[in-house]
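Fold and contact review
What follows is each chain in one-letter form.
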Amino acid sequence: MPVERILVGEIGRPHGVRGLVRVQSFTAEPADIAAYGPLSDESGGMRYALQWLGGGLARIEGVADRDAAAKLTGTRLYVARDRLPPPEEEEFYLADLIGLAARDAEGREMGRVAAVEDFGAGTILTLRDEQGRETLLPFTRAVVPVVDVAGGFVTVQPPEAVVVPPGEGDAEPEAALPEPVRPLPRRQDAPRRTGPRGVRGGAA
């Protein structure tokens with residue numbers, strides 16, 4: 001079932017003394033974060049109306065000084081799912097991955113997607129099994145070759161399981177990835193294409 005809210009940004013540190021803040025926007029175009037109207041925090045209890053100023057800076061309605069702006073540092077900003085455009089065929093939002101079953105190449109279930117995070121080095125999937133154990137995997141085509149939102153699962157191939165057979169005269173086989181592992185775009189409001197050969201990430 002699609003989540004009701006989508007993460008579209010995060011408030012950073014204050015800028016200057018008049019209440020301006022830096023905002024990390026996860027929307028397809030950074031300025032679009034201000035076009036959805038008031039955004040809510042993670043709890044849903046607070047709402048923030050942003051005026052985008054460019055260059056990663058924004059003014060928040062009701063915030064007029066540096067101290068008030070500093071208190072908002074780290075606040076994640078969410079928009080109601082129904083205010084975003086619906087994904088096209090074979091596309092998905094990263095938030096749609098949460099709750100999907102994670103299977104290996106043989107169809108054995110390894111857990112479910114518990115979270116989709118980005119800590120600065122690319123998008124990471126957190127899998128959680130029935131015992132509560134967590135596994136972190138980079139969200140790349142090599143490691144997650146299949147995303148089937150309608151079917152309710154993703155196929156995962158952990159990096160240590162991706163082995164390239166040695167060529168003639170080579171030494172012992174070494175674990176290697178068949179393609180460079182590049183982090184996918186982390187824009188949350190741009191639908192993601194799925195499929196093992198399709199464009200993973202859509203417009204950024």
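Right above here is the structure, for reference.
To keep things clear, this report deals only with the structure shown in the data block. Being a predicted model, the structure only gives us computed values, none of them experimental. (Residues numbered from 1 in each chain as written. Predicted model: local features only at pLDDT ≥ 70, side-chain atom pairs only at ≥ 80, totals over all residues. Heavy atoms only, no water.)

1. A word on the overall build of the protein
Scanning the protein from terminus to terminus reveals one helix and 15 strands. Here the analysis covers contacts within the protein between residues at least 6 apart in sequence; of these, 53% occur between residues at least 24 apart. Working note: accessible area of the protein is about 11,500 Å², and carbon and sulfur atoms make up 50% of it. (Helix = DSSP H or I, 4+ residues; strand = E, 2+ residues; numbered from the N terminus. Contact = heavy atoms within 4.5 Å. Areas by Shrake-Rupley, 256 points an atom, 1.4 Å probe, with all protein chains shown as cover.)

2. Description of the packing of aromatic side chains
For the coordinates displayed, the defined rule picks out zero aromatic pairs. It is Arg5 that lies over the ring of Tyr78; its NZ or CZ is 4.6 Å from the centre. Against the face of Phe153 rests Arg103, its NZ or CZ located 4.3 Å from the ring centre. (Phe/Tyr/Trp six-rings, centres within 6.5 Å; stacked < 30°, edge-to-face > 60°. Lys NZ or Arg CZ within 6 Å of the ring centre and 35° of its normal.)

3. As for the sheet that holds strand β10 (residues 109-118)
Spatial ordering of the open sheet is given by β12-β11-β10-β9-β14-β13, a layout of six strands whose pairing is mixed. Edge strands, defined here as strands with exactly one partner in the open sheet, are β12 (134-138) and β13 (146-148). Recorded for the sheet is a direction-independent mean angle of 30° between the axes of neighbouring strands. As judged from the three bridges shared by strand β9 (residues 101-103) and β10, these two strands associate in the antiparallel manner. Counterpart to Arg103 in the pairing with β10 is Glu109. (Pairing = 2+ DSSP bridges. Axes fitted to C-alpha atoms, helices over the stretch in contact; angles between N-to-C directions.)

4. Some thoughts on the side chain of Thr126
By the secondary structure assignment, Thr126 is in strand β11 (residues 123-128). Judged by relative accessible area, which is 9%, Thr126 ranks as buried. Sequence-distant contacts of Thr126, defined by excluding residues within four places in its chain, comprise Arg112, Val113, Ala114, Ala115, Glu134, Thr135 and Leu136. (Buried < 20%, exposed > 50% of the residue type's maximum accessible area, 1.4 Å probe, protein only.)

5. Some details on the nonpolar core
Counting 21 residues, the largest nonpolar core has Val23, Ile33, Leu50, Ile60 and Leu77 as the members making the most contacts within it. Elements supplying a minimum of two residues to this core: β1 (5-15), β2 (20-25), β5 (50-54), β6 (57-60) and β7 (76-80). Looking at this core element by element, the count peaks at three residues for β1. Residues contacting Ile33, with those up to four places away along its chain left out, are Val8, Gly9, Val23, Ser25, Thr27, Leu39, Leu50, Trp52 and Leu77. If you look at the next biggest cluster of nonpolar residues, it comprises 16 residues, including Phe92, Leu94, Leu100 and Leu125. (Core = buried A, V, L, I, M, F, W, Y, C linked by side-chain atoms within 4.5 Å.)

6. Description of the side chain of Asp96
Of note, Asp96 is situated in the loop between β8 (91-92) and β9. For Asp96, the side chain forms a polar contact with the side chain of Arg81, separated by 2.8 Å. (Polar contact = N/O pair within 3.5 Å; in protein donor to acceptor, adjacent residues only side chain to side chain.)

7. Here we look at the pattern of salt bridges
Scanning the model with the defined rule gives six salt bridges in all. Across the pair Arg108 and Asp104 runs a salt bridge whose closest N-O atoms are separated by 2.9 Å. Note on Asp104: relative accessible area 13%, which makes it buried. The closest approach of N and O atoms between Arg108 and Glu106, which form a salt bridge, is 3.3 Å. (Salt bridge = Lys/Arg side-chain N within 4 Å of Asp/Glu carboxyl O.)

8. Here we look at the pairing of β12
Across five bridges, the pairing between β11 and β12 is antiparallel. Directly across from Leu125, in β12, lies its bridge partner Leu137. In sequence, β11 turns back onto β12 through a hairpin of five residues, with Gly132 there showing a positive phi of about 85°.

9. Brief notes about the environment of Leu136
Tracing the backbone shows Leu136 in strand β12. Taking the relative accessible area as the measure of exposure, Leu136 reaches 55% and is therefore exposed. It is 5.7 Å that separates the C-alpha atoms of Leu136 and Leu125, two residues lying eleven residues apart in sequence. Dropping the residues within four chain positions of it, Leu136 is found in contact with Ile124, Leu125 and Thr126.

10. Some thoughts on the pairing of β10
Where a strand is regular, its side chains alternate between the two sheet faces. The loop that links β9 with its antiparallel partner β10 comprises five residues; one of these, Gly107, has a positive phi angle of about 90°. For β10 and β11, the ladder comprises six bridges, and the chain directions are antiparallel. Along β11, the bridge assignment pairs Asp118 with Thr123.

Structural measurements only, silent on function.
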